[in-house]
Amino acid sequence: MSVSAPGSLAGLRPPRVSGLNFTAVDFETANGFRGSPCAIGMVRVRDGNVDELFFKRMRPPQGFDRFDPRNVDIHGITAERVAAEPRFADLFAQIREFIGGDTLVAHNATFDLEVFESALEVSGLSSPGLRALCSVRLARAVYQLESHALPAAAEEAGFHLKHHHHALWDARAAAAIVVDIAERQKANRLEDLFGRHFIEAEELEAWTPPRAYESRATRQVRQYEKLFDARTPDISDDMLPDLMRWQDEGKNLAPNPDADPEHPLHGEHVVFSGNLAIPRADAKGLVADHGGNTSSKVTGSTSLLVIGDGVSAEDLQAADPVPPLQARKVREARTRIERGQTLRIITEQDFQQLLGEAWPIKS
């Protein structure tokens, strides 16, 4: 199913908020990789009124198009349901045309920009450069609610979100929130509305492929590509990593006293930086199981820093540090190494090799 208004509705209704113009967007994804969009909803707003709607289901980029049951349970879209639909790459020209020069609005804008970013990267497409403002941040600044999740914030804005996790309905809800707050605060320019609450736009840079440095999400998934490729046989549901979860530090557990003293992690003092393919709490548990210690920050006892975010061994040797290597923990570790502390910095792949069969994801 696709929805697109036959033409602009501008001028057919009196302005609700004169000068308030933007496009709201929402994605649904097939699996735990951001670059696997399977549906997009967009709402063009002109003078505070809905001007035009855009909704498309799609096949995710080839090679990243396996549907994870966890995602299907959320949005109800299956591989069979989109089998006859075009891929993201085939739709992007239409998507870009609909957005035009608008600033985007999304409820958790970081996620939707990252979907654009990763999907463009793995599709081999150029990025036009996009900017987005986050309606959940605006709702938190204005609405006095226990939860600012989309259904609650939309209800406060007077919009009944009938079908949550339907991309078009969610985009409509995000648009309604921004328009409602603009009305309450008598702000008729998007930048002024967000600016008065010190909320800055998030930017996706323009590039022409190949991109010099891929995003964290894309670099990380490259290690597990065949798991996300629908053409790869014999991949069970439990083999699919969820690369979207927030990396909570988790508890620092006591080392297993019965662990093998010959294991390479035995006696190590390990710290993690960046996103891993497994929850950080699980990674800490694996270290403790093998007789190692973990900490949430780099200290004088740290002997091993594991970096996720898709960092490669080549990145560790590069003269110019890639973005994940500019993180606070990495800078601290490198300073301590320069001062003589015995401390190794390794990648997620190195960590996986140290664990061998104990690593839970079989790539």
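Below or above, wherever it landed, is the structure these notes cover. (Residues numbered from 1 in each chain as written. Predicted model: local features only at pLDDT ≥ 70, side-chain atom pairs only at ≥ 80, totals over all residues. Heavy atoms only, no water.)

## Overview of the pattern of salt bridges
- Counted according to the given criterion, the structure contains 26 salt bridges.
- Across the pair R189 and D192 runs a salt bridge, and its minimum N-O distance is 3.8 Å.
- Take D192: its relative accessible area is 41%, and that puts it in the partly exposed class.
- Salt-bridge contacts for E249 lead to R280; the nearest nitrogen and oxygen are separated by 2.6 Å. With E249 in the loop between α9 (225-228) and β8 (269-273) and R280 in helix α10 (residues 280-289), the pair connects residues that are 31 residues apart, well separated along the chain.
- Through salt bridges with shared partners, one network takes in R131, R189, E191, D192 and E203. (Salt bridge = Lys/Arg side-chain N within 4 Å of Asp/Glu carboxyl O. Buried < 20%, exposed > 50% of the residue type's maximum accessible area, 1.4 Å probe, protein only. Helix = DSSP H or I, 4+ residues; strand = E, 2+ residues; numbered from the N terminus.)

## Things to note about the packing of helix α2 (residues 88-99) against helix α3 (residues 109-123)
- Contact geometry for α2 and α3: axes closest at 11 Å, N-to-C directions at 135°. Taken together, α2 and α3 sit at an angle that is classed as oblique. For the crossing formed where α2 meets α3, the hand is left-handed. Of α3, the residues touching α2 (which contributes F88, A89, F92, I95 and I99) are F116, A119, L120 and S123.
- For the contact of α2 with α3, the class distribution of residues is eight nonpolar, one polar and no charged. (Axes fitted to C-alpha atoms, helices over the stretch in contact; angles between N-to-C directions. Parallel < 35°, antiparallel > 145°, perpendicular 65-115°, else oblique. Left-handed = near helix turned anticlockwise from the far one by under 90°. Contact = heavy atoms within 4.5 Å. Nonpolar A, V, L, I, M, F, W, Y, C, P; charged D, E, K, R; others polar.)

## Structural notes on the packing of aromatic side chains
- Counting across every chain of the model gives nine aromatic pairs.
- Seen from their ring centres, F54 and F98 are 5.4 Å apart, and the 50° between their planes marks the pair as tilted. Of the two residues, F54 is situated in strand β4 (residues 49-57) and F98 in helix α2; the sequence distance between them amounts to 44 residues.
- Seen in terms of ring centroids, F351 and W359 are 6.1 Å apart; in terms of plane orientation they differ by 85°. Their pairing is edge-to-face. With respect to burial, F351 and W359 carry one shared label: buried.
- Members of the aromatic cluster, each reached through a chain of ring pairs, are F27, F88, F92 and F116.
- Residue placement shows R44 over the ring face of F98; its charged tip is 4.2 Å from the ring centre. (Phe/Tyr/Trp six-rings, centres within 6.5 Å; stacked < 30°, edge-to-face > 60°. Lys NZ or Arg CZ within 6 Å of the ring centre and 35° of its normal.)

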